[in-house]
Amino acid sequence: MSELAAPPVGVALHAEVVPDDPTAMRWVLPDGLPASGRLLGAPGVLGELLAGLIVRAVAEPAALWTWLAEPSWPEHGPVVRDAIIAAAARPDQWQVAPAADEVLQLVAKDVIDHQLGTFIASHGGRIALVRVETGVVEVEMAGACAHCPAAGLTLQGRIGAAISARLGQPVEVRPAGGVPAGAAKWRRLLRRA
């Protein structure tokens, strides 16, 4: 592996741990990435890391998810961070394969479990990701969410909006197996507004 050069000045990046996967790290780049999907190649040290240390890498519009073979972030995190910063300065050399459903799965799970999980739990509810496919996220609603009259607003107004904002495109969130109790009423009211 080649030596790391000083990272370019002005590239913003911060790391977020993935609570339920100690081998994963989400690197947020507010200025964005060249494409979304499975990262197959990158310039410099990041490209070298993809051929060994990093066993999987997936880009969303403003973050890069990386996985190591074993949870060794204290040792390897600084190297991965510096490699991502250096590669971000050469976006034309990134090789990203389309993987819309894989990206949607990661973002939806992160939004549901972490970004909005505390809010949902504070209202006595539980929402679990069931599946994603082509811009549609299906969830299972339990606890207070299962029969809440505002469930439709939570699905699209909170969860759908958060996922859509992260992906930069509209996403539909719906309950697995149909419309939750109360959601049909809210949809009718929203259509009238």
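These notes cover the structure that comes with them. Computed from a predicted structure; not experimentally measured. (Residues numbered from 1 in each chain as written. Predicted model: local features only at pLDDT ≥ 70, side-chain atom pairs only at ≥ 80, totals over all residues. Heavy atoms only, no water.)

**Structural notes on the sheet that holds strand 7 (residues 125-133)**
Line of reasoning, step 1. Here three strands make up an open sheet; going across it, the order is 7-8-9 and the pairing mixed. The sheet is open, and its two borders are formed by strand 7 and strand 9 (172-175), each paired with just one other strand. Between one strand axis and the next, the sheet turns through 30° on average, direction left out of account.
Line of reasoning, step 2. Direction of pairing for strand 7 relative to strand 8 (residues 136-143): antiparallel, over a ladder of eight bridges. From the neighbouring strand, Gly-125 faces strand 8, where its bridge partner is Gly-143.
Line of reasoning, step 3. The sheet contacts of helix 5 (residues 151-167) involve strand 7, strand 8 and strand 9, and relative to strand 9 the element is tilted by about 145°. (Pairing = 2+ DSSP bridges. Helix = DSSP H or I, 4+ residues; strand = E, 2+ residues; numbered from the N terminus. Axes fitted to C-alpha atoms, helices over the stretch in contact; angles between N-to-C directions. Contact = heavy atoms within 4.5 Å.)

**Examining helix 2 (residues 73-88)**
Line of reasoning, step 1. Of the residues making up helix 2, those classed as buried are Trp-73, His-76, Gly-77, Val-80, Asp-82, Ala-83, Ile-84, Ile-85 and Ala-87.
Line of reasoning, step 2. Turning to helix 2, the residues buried within the fold contact strand 2 (24-28), helix 1 (44-50), strand 4 (54-60) and strand 5 (63-68). (Buried < 20%, exposed > 50% of the residue type's maximum accessible area, 1.4 Å probe, protein only.)

**A look at the environment of Ala-108**
Line of reasoning, step 1. Note on placement: Ala-108 falls in helix 3 (residues 100-115).
Line of reasoning, step 2. Overall, the relative accessible area of 0% leaves Ala-108 in the buried class.
Line of reasoning, step 3. Spatially, the C-alpha atoms of Ala-108 and Leu-129 are 7.4 Å apart, while their sequence positions differ by 21 residues.
Line of reasoning, step 4. The residues contacting Ala-108, other than those within four sequence positions of it, are Leu-129, Val-132, Val-137 and Ile-163.

**Some thoughts on the nonpolar core**
A general trend in soluble globular proteins is that nonpolar side chains are found buried together.
Line of reasoning, step 1. By size, the foremost hydrophobic cluster in this structure holds 29 residues, and its most contacted members are Ile-127, Val-137, Val-139, Ile-159 and Ile-163.
Line of reasoning, step 2. Where this core is concerned, the elements lending two or more residues are strand 5, helix 3, strand 7, strand 8 and helix 5.
Line of reasoning, step 3. When residues in this core are grouped by element, the largest group, seven residues, is from helix 3.
Line of reasoning, step 4. Excluding anything up to four places from it in sequence, Ile-127 contacts Ile-112, Asp-113, Ile-120, Val-139, Glu-140, Met-141, Cys-145, Thr-154 and Ile-159.
Line of reasoning, step 5. Counting 23 residues, the second-largest nonpolar core is a separate cluster that includes Ile-54, Ala-57, Ala-87 and Trp-94. (Core = buried A, V, L, I, M, F, W, Y, C linked by side-chain atoms within 4.5 Å.)

**So, the pairing of strand 9**
Line of reasoning, step 1. Burial along strand 9 is one-sided: the residues Val-173 and Pro-175 are buried and none of Glu-172 and Arg-174 is.
Line of reasoning, step 2. Here strand 8 runs beside strand 9; their pairing, made up of four bridges, is parallel. When the bridges of strand 9 are listed, Val-139 appears paired with Pro-175.

**Some details on the side chain of Ser-164**
Line of reasoning, step 1. In this fold, Ser-164 is placed in helix 5.
Line of reasoning, step 2. Within the structure, Ser-164 has its side chain in polar contact with the backbone oxygen of Gly-160 (distance 2.8 Å).
Line of reasoning, step 3. When neighbours within four sequence positions are excluded, Ser-164 is seen to be in contact with Gln-169, Pro-170 and Val-171. (Polar contact = N/O pair within 3.5 Å; in protein donor to acceptor, adjacent residues only side chain to side chain.)

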